[in-house]
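# Summary of the model geometry
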Amino acid sequence: MPRALITGITGQDGSYLSEHLLANGYEVYGLIRGQNNPKRQHIERTWPDIKIVEGDLLDQASLMNVIQKVKPDEVYNLAAISFVALSWNQPELTGEITGLGALRLLEAIRLTTGASGSRANSAAGIKFYQASSSEMFGKVRETPQSEQTPFHPRSPYGVAKAYAHYITVNYRESYNIHACSGILFNHESPRRGPEFVTRKITIGAARIKLGLQKELLMGNLDTRRDWGFAGDYVKAMHLMMQADKADDYVIGTGEAHQGKEFARIAFERVGLNAEDYIKTDPQFMRPAEVDLLIADPTKARDELGWKPEVSFQRLIEMMVDHDLEAEARLQAAAV
Ligand code: GDP
């Protein structure tokens, strides 16, 4: 039975990846940080097959212990401070976890497998996946963005992700570790955190429809993103790990839409006009913005046979329908 270790198990991608790997006959271990982490119980109740191990990306020794104990075949590093807006408020922590966290995990793999720096004595036994991000492209140098596009990150988050990406490439080249990097464009689902623009909109539309909220305060909805479905994207992570040669892959749909277009479709789903309810609030504007991200996923399609299944429209409908039901249930439980 292949064994996978996932950091960031409590996040959106951790849950979809776990389900995908469990369905494919894997034993799945999830790294959980901190004492009394409230998300631990949620994982244990929802996915009883996931085995929890304790450790922290800030603690090198804890990662070495986990690697020694679990002896994984595949390590997926999904853990990060992942909210761009927050990364300006906690830039150092973002660098430590999102950036150096990847290094610590790679070091844990290298040291526990005895890789010494010579390619003959390699750490090829444990495969490593790094969750890289389209935010590394930032102020884009070309459109669409491929694996060849230079990085120009625009936030402490993007800078930290760029470090983690390059250290992954470096450990692949230095120690012959099967270390791959998935440069994922924005990917959403009903499990997306409510702080991200898509979920904030779908929850807002649902609550306004139910009369629980009167308006929705947003930042800049003119920016464009390449939004896909997280459930499709975790399959690309797994495919990369099965390739003979570790490499970097851009994962996205190849379509970009404005935030206001997302909002229009979400509100239409509940029979409302988005413009009647959305107000701009400067607190949601960012010190530096990424105006347009759009993927060129040709390499992933040609080499991995990967393509997204869920359309933009379907993704929004799925999220709105989920939130309408969830908000109605919460409301019913409260009365
Ligand atoms: P990101 O691409 O990783 O930063 O994902 P987000 O979902 O956080 O943001 C996507 C885009 O939506 C960015 O250009 C944000 O500036 C924009 N945006 C506009 N209003 C909001 C808002 O209220 N919250 C968030 N999170 N983003 C917003």
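Cut-offs applied
- Residues numbered from 1 in each chain as written.
- Predicted model: local features only at pLDDT ≥ 70, side-chain atom pairs only at ≥ 80, totals over all residues.
- Heavy atoms only, no water.
- Buried < 20%, exposed > 50% of the residue type's maximum accessible area, 1.4 Å probe, protein only.
- Helix = DSSP H or I, 4+ residues; strand = E, 2+ residues; numbered from the N terminus.
- Arc of directions from axis to C-beta.
- Contact = heavy atoms within 4.5 Å.
- Polar contact = N/O pair within 3.5 Å; in protein donor to acceptor, adjacent residues only side chain to side chain.
- Near = heavy atom within 4 Å.
- Nonpolar A, V, L, I, M, F, W, Y, C, P; charged D, E, K, R; others polar.
- Domains from an automatic or database assignment.
- pLDDT = per-residue confidence, 0-100.
- Axes fitted to C-alpha atoms, helices over the stretch in contact; angles between N-to-C directions.
- Parallel < 35°, antiparallel > 145°, perpendicular 65-115°, else oblique.
- Left-handed = near helix turned anticlockwise from the far one by under 90°.
- Pairing = 2+ DSSP bridges.
- Lys, Arg positive; Asp, Glu negative; His and termini not counted.
- Salt bridge = Lys/Arg side-chain N within 4 Å of Asp/Glu carboxyl O.
- Core = buried A, V, L, I, M, F, W, Y, C linked by side-chain atoms within 4.5 Å.

### Focus on helix H3 (residues 60–70)
Every α-helical turn comprises 3.6 residues, leaving residues that sit three or four positions apart pointing alike. Taken together, the buried positions of H3 are occupied by Ser62, Leu63, Val66, Ile67 and Val70. Along the long axis of H3, the arc covered by the buried residues comes to 135 degrees, so they all point the same way. In this structure, the buried residues of H3 make contact with strand S1 (3–7), strand S2 (27–32), strand S3 (51–54), strand S4 (74–77) and helix H5 (91–113). Of the residues flanking the start of H3, the one acting as N-cap is aspartate 59, its side-chain oxygen 3.3 Å from the backbone nitrogen of alanine 61. Directly beyond the C-terminal end of H3, a positive phi value near 50 degrees is found at lysine 71.

### Topic: the site of the ligand
Taken together, 17 residues form the shell around the ligand, and within it Lys200, Gly219, Arg225, Arg286 and Glu289 come nearest. Arginine 225 has a polar side-chain atom sitting 2.7 Å from an oxygen atom of the ligand. In the environment of the ligand, an oxygen atom lies 2.6 Å from a nitrogen or oxygen atom belonging to the side chain of arginine 286. Across the shell around the ligand, the residue classes tally to 7 nonpolar, 4 polar and 6 charged. Here the shell around the ligand spans two domains, since at least three of its residues come from each of domain 1 (3–187 + 227–251) and domain 2 (193–225 + 256–291 + 310–334).

### Here we look at the confidence of the model for the chain
In this model, the chain carries a mean pLDDT of 95, and residues with pLDDT of at least 70 account for 97%. Note on residues 117–124: pLDDT is under 50 here. Beyond four places in sequence and across chains, it has 19 contacts.

### Quick word on the packing of helix H7 (residues 197–209) against helix H11 (residues 312–334)
At a closest axis distance of 8 Å, the pairing of H7 and H11 adopts a crossing angle of 50 degrees. Comparing the axis directions of H7 and H11 gives the class oblique. Handedness of the crossing formed by H7 with H11: right-handed. Side by side, H7 and H11 meet where Thr198, Arg199, Thr202, Ile203, Ala206, Arg207 and Lys209 of the first sit next to Ile316, Met319, Val320, His322, Asp323, Leu324 and Glu327 of the second. Tallied by class, the residues present in the contact of H7 with H11 amount to 6 nonpolar, 3 polar and 5 charged.

### Structural notes on the sheet that holds S2
Taken in spatial order, the 7 strands line up as S3-S2-S1-S4-S5-S6-S11 in an open sheet, and their pairing is parallel. The open sheet is flanked by S3 and strand S11 (248–251), the only strands paired with a single partner. Sheet twist, expressed as the mean angle between neighbouring strand axes with direction ignored, is 20 degrees. Here 4 bridges tie strand S6 (residues 179–184) to S11, and the two strands are oriented parallel to one another. Among the inter-strand pairings, serine 181 is bridged to a residue of S11, identified as aspartate 248.

### With respect to the side chain of aspartate 226
Relative to the elements of secondary structure, aspartate 226 occurs in the loop between strand S9 (224–225) and strand S10 (228–229). The buried charged residue aspartate 226 lacks any salt bridge partner; its closest oppositely charged side chain belongs to arginine 225, at an N-O distance of 9.9 Å. At 2.6 Å, the side chain of aspartate 226 and the side chain of threonine 253 are in polar contact. Setting aside anything within four residues of it in sequence, one finds aspartate 226 in contact with Phe185, Asn186, Tyr233, Gly252, Thr253, Gly254, Glu255, Ala256, Leu293, Ile294 and Ala295.

### Some words on the nonpolar core
Tyr76, Tyr129, Ile201, Ile251 and Phe267 are the most contacted members of the largest nonpolar core, which has 56 residues in total. Broken down by element, this core gets its largest block of residues, 7 residues, from helix H8 (residues 230–242). Each of domain 1 (3–187 + 227–251) and domain 2 (193–225 + 256–291 + 310–334) contributes no fewer than three residues to this core. Membership of the second largest hydrophobic core comes to 26 residues, among which are Leu31, Ile81, Ile97 and Phe128.

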